[in-house]
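# An overview of the molecular structure
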Amino acid sequence: MKSVLIVGSGPSGVHFALSVLRKGYDVTMVDVGYPKPAAIEPAMSFRALKDHLDDPADYFLGARFQGVVLPHPGREYYGLPPSKDYVLRVPAGTEHAAHGFSPFFGYARGGVAEVWTGGCYPFNDAELAEFPFGYGALGPCYGEVARRIGICGGEDDLARFFPLHENLLEPLELDSHSALLLARYEEKKSAFHEELRCYLGRTRVAVLSREQGGRNKCTYLGRCLWGCPTAAFYTPSLTLAECLAFPNFRYVSGLRASHFRLDSRRRATHLVAFPAEGGTPGEFPVETLVLAAGALSSSRIYLESLYRHTGEAPELHGLMDNRQILVPFVNLRLIGQAHKPESYQYHQVGMGIEVGAPREYIHAQVTTLKTGMLHPIMQSLPCDLRTAAFLVRNLHAALGIVNVNLHDTRRRGNRLTLAVSEPGAPRLVMDYAPAAGEEAVIARAVRTVRSALGKLGCLVPPGMSHVRPMGSSVHYAGTLPMSRTRGEHTVSETCRSHEVENLFLVDGATYPFLPAKNITFTLMANAVRVAEAAF
Amino acid sequence: MTPATAASLERECDVFVRYLVRVRPDAYIQKKYAQAHSVSADYTANAAFDRLLIALASTAPLGASLADSYASLFARSSALRKKLILLMAILESCSPAHGFLDAPDRASVPGLCLRGAFRGAFFALRCLGSAVVLLPLQLVLGGSGGRRK
């Protein structure tokens, strides 16, 4: 039986694994894999947790009160809640340095997508122009992934940006705020299209609107931000659990892959992995090696392997990420109304803005804030906390935030390399500089979003829009791109390395272009495509 | 934690919660407030002006109101603000039975606007009044986390 060694249990790794397991391959997956703790009181709603838990502050703020957001100049309003702290754990030997980039590394079982917000947006032909294949090759894989994970969505004005694929489930029930926004959009549609080139519709989200594959449908407990307790919301650890049911699957957790050894013909022979908390490394023999640890970690393994083989540390150019801008708003029609926490909590409304060429499309997700903590907003207001509490209490139902995403391109100089001159393990070094003219693009995007919100009856408080640091979106890509021709540090159409014959990369490292959309759905679909095309 | 520190935190918590939500804190809120101080150094006042702000705020809800109004503009990272934010976070994590009202006020939108305008005006007055006394003291004593950023 042919064997495959996979590094990483994120969206790419688990969907690649599931595909090749079904083809009969013998699969070993090496992963740090910090596990998710069991859900607390899975049948309770968000409100019921506050009423019935013995120590609700411990759940919502954490044992060390790490969930309290104190004033701090660069700190964002919201981080991960304490219930998702396991995603922040970092193993030994992963030191790095970054310039112009704020990277986030996740080592959880299921990868960083354990804390994603579920947006599933297929790339279209314009966005795939630099890929060595078009939507025709990827479309069926989107359909297959949708069948596996469950994606809600429908055909509306956003379909002009997101191709329709198979196996979409009916949309979730809209929360009342989102419903109001879409109703207002319907009334003013022509002004949106003609004046702003802006389109609204339902976002496509990886959550079940009906029971599927032994998973329950969403019951609107309102606990999405704190970790769905019913598995209605998809995360890759669910697919990992599916893989574990195969007798030909071996999952080895607690190990951080460091590098692979190469023979004289530049074939990978062994994968070297260290215990996550440090110690003596172990080795795994390689027949075919598949890196799916995320663009940064896979690139690091690749760089360290070449460095150990040649004595020289190469540079990987073209690092990409989506710039994100957060635009908070107040819906004037909902001031003084009660908010309803028993609803789906992530984005339900999406916004697409046409600018320039089709691939430069700006993508935005609208989240109506219902169960997020309020003290981070209160502490940011320029008034005493009692007055702030009055304001937030009466504005709660009216609050929302638009997360605007911009595309990125591969540029020389935005690079990864290793610092090898220091003692100890080589350190990953990241350098990133935004594209020239980015400030103007951001300003224009914010202006358009503000105008669109104005037409929807919403007010954007002045001075509160926030440009997130590069690296915050965790949509890393571009360091080992797919290429039709054999270039240095590139991979083929089927994501096989042009440098190492038995090495495949199936994560975001292989993207030659990064559209403004969340990449996770395409990571899964591309992994399925590679498994089908090359195995 | 010494008995004196525990008593001081208990008093702080009592006054601050009465200031923030106009009810007395129950044993659970008191326990969580003390616990946060025992596990994090964020809430320790190291600068002289920080200690002064806390002392003023701990006297009574009116003192807390004046000190918080001042700190909201001129000492946003002070230990007092951190303590008040901590209490807000604890209160909103718990059942309404613990005192935090998550529901909107019962009033029409014009009524809310009127209340908001009154609150804004009183806030401005409190800032003005407290700044007359506290701003020179802050300049002399220094510290306390600085102005709004």
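Just so it is clear, the structure is predicted and the values come from calculations on it, not from any experiment.

Helix and strand counts for chain A stand at twelve helices and 23 strands. For chain A, the C-alpha radius of gyration of 23 Å lies close to 24 Å, the compact-globule estimate for 535 residues. Dimensions along the principal axes, computed over C-alpha positions, put chain A at roughly 70 × 55 × 45 Å. Burial statistics for chain A: of 535 residues in total, 53% are counted as buried. Put simply, 73% of the contacts in chain A that link residues at least 6 apart link residues at least 24 apart.

Counting from both sides, the interface comprises 39 residues of chain B and, opposite them, 32 residues of chain A. Taken together, the elements giving at least two residues each to the side of chain B that touches chain A come down to α1 (3-21), α2 (27-39), α4 (61-74), α5 (79-93) and α6 (109-141) of chain B. Per element, the largest residue contribution to the side of chain B that touches chain A is ten residues, and it comes from α5 of chain B.

Working definition: the strands of a sheet are paired by backbone hydrogen bonds and lie parallel or antiparallel to each other. Residues and elements named next belong to chain A. Strand order in the open sheet formed by three strands is β8-β9-β10, and the pairing between neighbours is antiparallel. Because the sheet does not close on itself, it has two edges, and the strands there are β8 (255-262) and β10 (282-285). Each adjacent strand pair in this sheet contributes to an overall mean axis angle of 30 degrees, direction not counted. Relative to β10, strand β9 (residues 268-275) runs antiparallel, the two sharing four bridges.

With that settled, the discussion passes to helix α4 (residues 135-149) of chain A. Given 3.6 residues per helical turn, the α-helix brings residues three or four places apart onto the same face. Residue and element names in this part refer to chain A. The end-to-end C-alpha distance of α4, which contains 15 residues, comes to 20 Å, matching closely the 21 Å that a straight helix rising 1.5 Å per residue would cover. For α4, the full list of buried residues reads Leu-138, Cys-141, Tyr-142, Glu-144, Val-145, Ala-146, Arg-148 and Ile-149. Residues of α4 that are buried sit in contact with α1 (11-22), β4 (151-152), β5 (168-169), α7 (236-244) and α12 (520-534). One or two steps after α4, the chain reaches Gly-150, where phi turns positive at roughly 85 degrees.

Our next topic: the environment of Asp-68 of chain B. Counting through the fold element by element, Asp-68 of chain B comes out in helix α4. Along the backbone, Asp-68 of chain B and Tyr-19 of chain B are 49 residues apart, and their C-alpha atoms lie at a distance of 9.9 Å. Beyond its immediate sequence surroundings of up to four residues, Asp-68 of chain B is in contact with Asp-384 and Leu-385 of chain A together with Ala-57, Leu-80 and Leu-84 of chain B.

All names here are of chain A. The element strand β15 (residues 362-368) is extensively covered by neighbouring structure, given that seven of its seven residues are classed as buried. The pairing of strand β14 (residues 349-353) with β15 spans five bridges and is classified as antiparallel. The residue bridging Val-349 from the neighbouring strand is Val-366, located in β15. Relative to strand β16 (residues 399-405), β15 runs antiparallel, the two being bridged by six bridges. If you follow Thr-367 over to β16, its bridge partner there is Ile-401.

Moving on: unusual backbone geometry. In the Ramachandran plot, Val-474 of chain A falls in the positive-phi region, its phi being about 55 degrees despite a non-glycine side chain. Within the secondary structure, Val-474 of chain A sits in the loop between β21 (466-467) and β22 (503-505). Despite not being glycine, Arg-22 of chain B shows a phi value in the positive range, around 65 degrees. For Arg-22 of chain B, the location among the structural elements is in the loop between α1 and α2. Judged by C-beta crowding, with 11 C-beta atoms within 10 Å, Arg-22 of chain B ranks as exposed.

This part covers the nonpolar core. By size, the foremost hydrophobic cluster in this structure holds 207 residues, and its most contacted members are Ala-17 and Val-207 of chain A together with Leu-87 of chain B. Of the residues forming this core, the biggest block, ten residues, is contributed by α5 of chain B. Once you skip the residues sitting within four places of it in the chain, Ala-17 of chain A turns out to touch Ile-6, Val-27, Met-29, Cys-243 and Phe-249 of chain A.

Calculation criteria
Residues numbered from 1 in each chain as written. Chains lettered and ligands numbered in written order. Predicted model: local features only at pLDDT ≥ 70, side-chain atom pairs only at ≥ 80, totals over all residues. Helix = DSSP H or I, 4+ residues; strand = E, 2+ residues; numbered from the N terminus. Rg over C-alpha atoms; globule rule 2.2 N^0.38 Å. Buried ≥ 20, exposed ≤ 12 C-beta atoms within 10 Å, placed from the backbone. Contact = placed C-beta atoms within 7 Å. Pairing = 2+ DSSP bridges. Axes fitted to C-alpha atoms, helices over the stretch in contact; angles between N-to-C directions. Expected span 1.5 Å × (residues − 1). Core = buried A, V, L, I, M, F, W, Y, C linked by C-beta atoms within 7 Å.

Don't take any of this as a statement about function, it's just geometry.
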